[in-house]
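Architecture and fold: a report
As a plain string of letters, each chain reads:
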Amino acid sequence: MSEFWLISAPGDKENLQALERMNTVTSKSNLSYNTKFSIPDFKVGTLDSLVGLSDELGKLDTFAESLIKRMAQSVVEVMEDAKGKVQENLLANGGLKEKMKCLKIDLPSFVTHFEWDMAKYPAKQPLVSVVDTLAKQLSQIETDLKSRTAAYNTLRSDLENLEKKSTGNLFTRTLSDIVSKEDFVLDSEYLVTLLVIVPKQSYTQWQKTYESLSDMVVPRSTKLIAEDNEGGLFTVTLFRKVIDDFKTKAKENKFTVREFYYDEKEIKREREEMSRLLSDKKQQYGPLLRWLKVNFSEAFIAWIHIKALRVFVESVLRYGLPVNFQAVLLQPHKKSSTKRLREVLNSVFRHLDEVAAASILDASVEIPGLQLNNQDYFPYVYFHINLSLLG
């Protein structure tokens, strides 16, 4: 499963024994894979400041998760034809020990082997400063993501619009890639070549009648130059002064004159525009994908650091000073076992908060002074990490 539960309990003897009981039961019942989750000792400051920081970290956690999901979706959109290879580009590279920085670290491995990055987020700094560093880093990534993807998406949209023009039916698609100069009488004061869409079942009727649809139609001037599933595109040459009469008669016979003026410069411009857009897209693809991979990794690593900070702050607020708690990461083995796993945890740590433990069984019980929905509150500190980022 791509789901983790990050919990903590006080670090005294009684609760360390409770953690051991939890590990024994979850292992024997094959409920989860558990590992210690190391969090450094931070400068705590006042409890008042921690309450404010708890709120700020909650918002930052939500923002970080939303950001990495948007980045993952951007990788999907950029890779287009290679969507099967998306997951191998969503990694947490360089997030572990020096010797592993060259390796490709998948997301679950990074979470289970998490180590605080002291160089990037010094634990000796005040907690407010560490949070501020993370917030600024993620904000900058989001700003860059918006500008980079906007430019690429505009390019892709322009290209799709041009491609759509050449994939519709004969009534709507561009004709510049179908017709050639030789299909038209050009630069004539009196004559003009029209393009007419004829239903397939009416080809014979067209050939027999087009010369007599109006006066002054040039005999044997029709030629089939393109077809789709419904019909064909025919040329016909006639005198300019009978255009309106010819169009009216053609319509009565269910032949459609397609408005088109052969302009060599315009056709050349359209073709050059397509080539330019294809070239620009190709040039932007590599740098954008590389940027997404690098910054997805940076944002993901920052997100897990935020989870660690949340555990630290909530543990101090819940269990008090001096700082003494143990964080544990649980990876449920399967979705069907999560309910049983929750029951085990609630049973093992019931003594930490009898009211909360009881309220889990009875959702109607209000916990005095607690603003959270009861379903989000447990006797122990708990945070959820969901690595299904493409859902």
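1. Description of the packing of aromatic side chains
Applying the stated criterion to the full structure yields 21 aromatic pairs. Pairing Tyr203 with Phe234 gives two aromatic rings, centres 5.2 Å apart and planes at 80°, and the pair type is edge-to-face. Residue Tyr203 is found in helix α5 (residues 203-209), and its partner Phe234 is found in strand β5 (residues 231-239); the two are separated by 31 residues along the sequence. A relative accessible area of 18% means that Tyr203 is categorised as buried. Under the relative-accessibility criterion, Phe234 is labelled buried at 2%.

2. Examining the sheet that holds strand β8 (residues 381-386)
Strand order across the open sheet formed by four strands is β2-β7-β1-β8, with antiparallel pairing between neighbours. In the strand order of this sheet, the two ends are held by β2 (32-36) and β8, each with one partner. Each adjacent strand pair in this sheet contributes to an overall mean axis angle of 25°, direction not counted. Two strands pair when backbone bridges link them, and strand β1 (residues 3-10) and strand β7 (residues 325-332) are joined in this way by six bridges, in the antiparallel orientation. In the sheet register, Ser8 faces β7, and the bridge partner there is Ala327.

3. Description of the pairing of β1
Of all eight residues in β1, eight are buried, a share of seventy percent or more. In terms of strand pairing, β1 meets β8 through six bridges, oriented antiparallel. Across the sheet, Leu6 pairs through a bridge with Phe383, a residue of β8.

4. Some words on the sheet that holds strand β3 (residues 191-199)
Reading across from one edge, β4-β5-β3-β6 is the order of the four strands in this open sheet, with antiparallel pairing throughout. Across the chains shown, the open sheet's two edge strands, defined by having one partner strand only, are β4 (223-227) and β6 (256-258). Neighbour-to-neighbour, the strand axes of this sheet turn through a mean angle of 40°, independent of strand direction. Together, β3, β5 and β6 form the strand contacts of helix α6 (residues 243-252), whose direction differs from that of β5 by roughly 150°.

5. Observations concerning the packing of helix α2 (residues 47-79) against helix α4 (residues 127-165)
For the pair α2 and α4, the least separation of the axes is 10 Å and the interaxial angle reads 25°. Compared by their axis directions, α2 and α4 come out roughly parallel. When you trace α2 past α4, the crossing you get is left-handed.

6. Regarding the side chain of Arg156
Tracing the backbone through its elements, the reader meets Arg156 in helix α4. Within polar-contact distance, the side chain of Arg156 engages the backbone oxygen of Glu77 at 2.9 Å. Residues in contact with Arg156, not counting those within four places in the same chain, are Glu77, Val78, Glu80 and Lys281.

7. Here's the deal with unusual backbone geometry
With omega at -5°, the peptide bond leading from Leu321 into Pro322 counts as cis. Note that Pro322 resides in the loop between α7 (264-319) and β7. Phi angles above zero are rare outside glycine, and Met216 is one such case at about 60°. Not every positive phi belongs to a glycine, and Arg220 is a case in point at roughly 50°.

8. Some words on the confidence of the model for the chain
Chain-level statistics for the chain give a pLDDT mean of 89 and a share of 91% at 70 or above. Of the regions scoring below 50 in pLDDT, residues 95-102 engages in nine contacts with residues more than four places distant in sequence or in other chains. Overall, residues 363-374 carries pLDDT values under 50, and its contacts beyond four positions in sequence, including any with other chains, amount to 11 contacts.

Conventions used here
- Residues numbered from 1 in each chain as written.
- Predicted model: local features only at pLDDT ≥ 70, side-chain atom pairs only at ≥ 80, totals over all residues.
- Heavy atoms only, no water.
- Phe/Tyr/Trp six-rings, centres within 6.5 Å; stacked < 30°, edge-to-face > 60°.
- Helix = DSSP H or I, 4+ residues; strand = E, 2+ residues; numbered from the N terminus.
- Buried < 20%, exposed > 50% of the residue type's maximum accessible area, 1.4 Å probe, protein only.
- Pairing = 2+ DSSP bridges.
- Axes fitted to C-alpha atoms, helices over the stretch in contact; angles between N-to-C directions.
- Contact = heavy atoms within 4.5 Å.
- Parallel < 35°, antiparallel > 145°, perpendicular 65-115°, else oblique.
- Left-handed = near helix turned anticlockwise from the far one by under 90°.
- Polar contact = N/O pair within 3.5 Å; in protein donor to acceptor, adjacent residues only side chain to side chain.
- pLDDT = per-residue confidence, 0-100.

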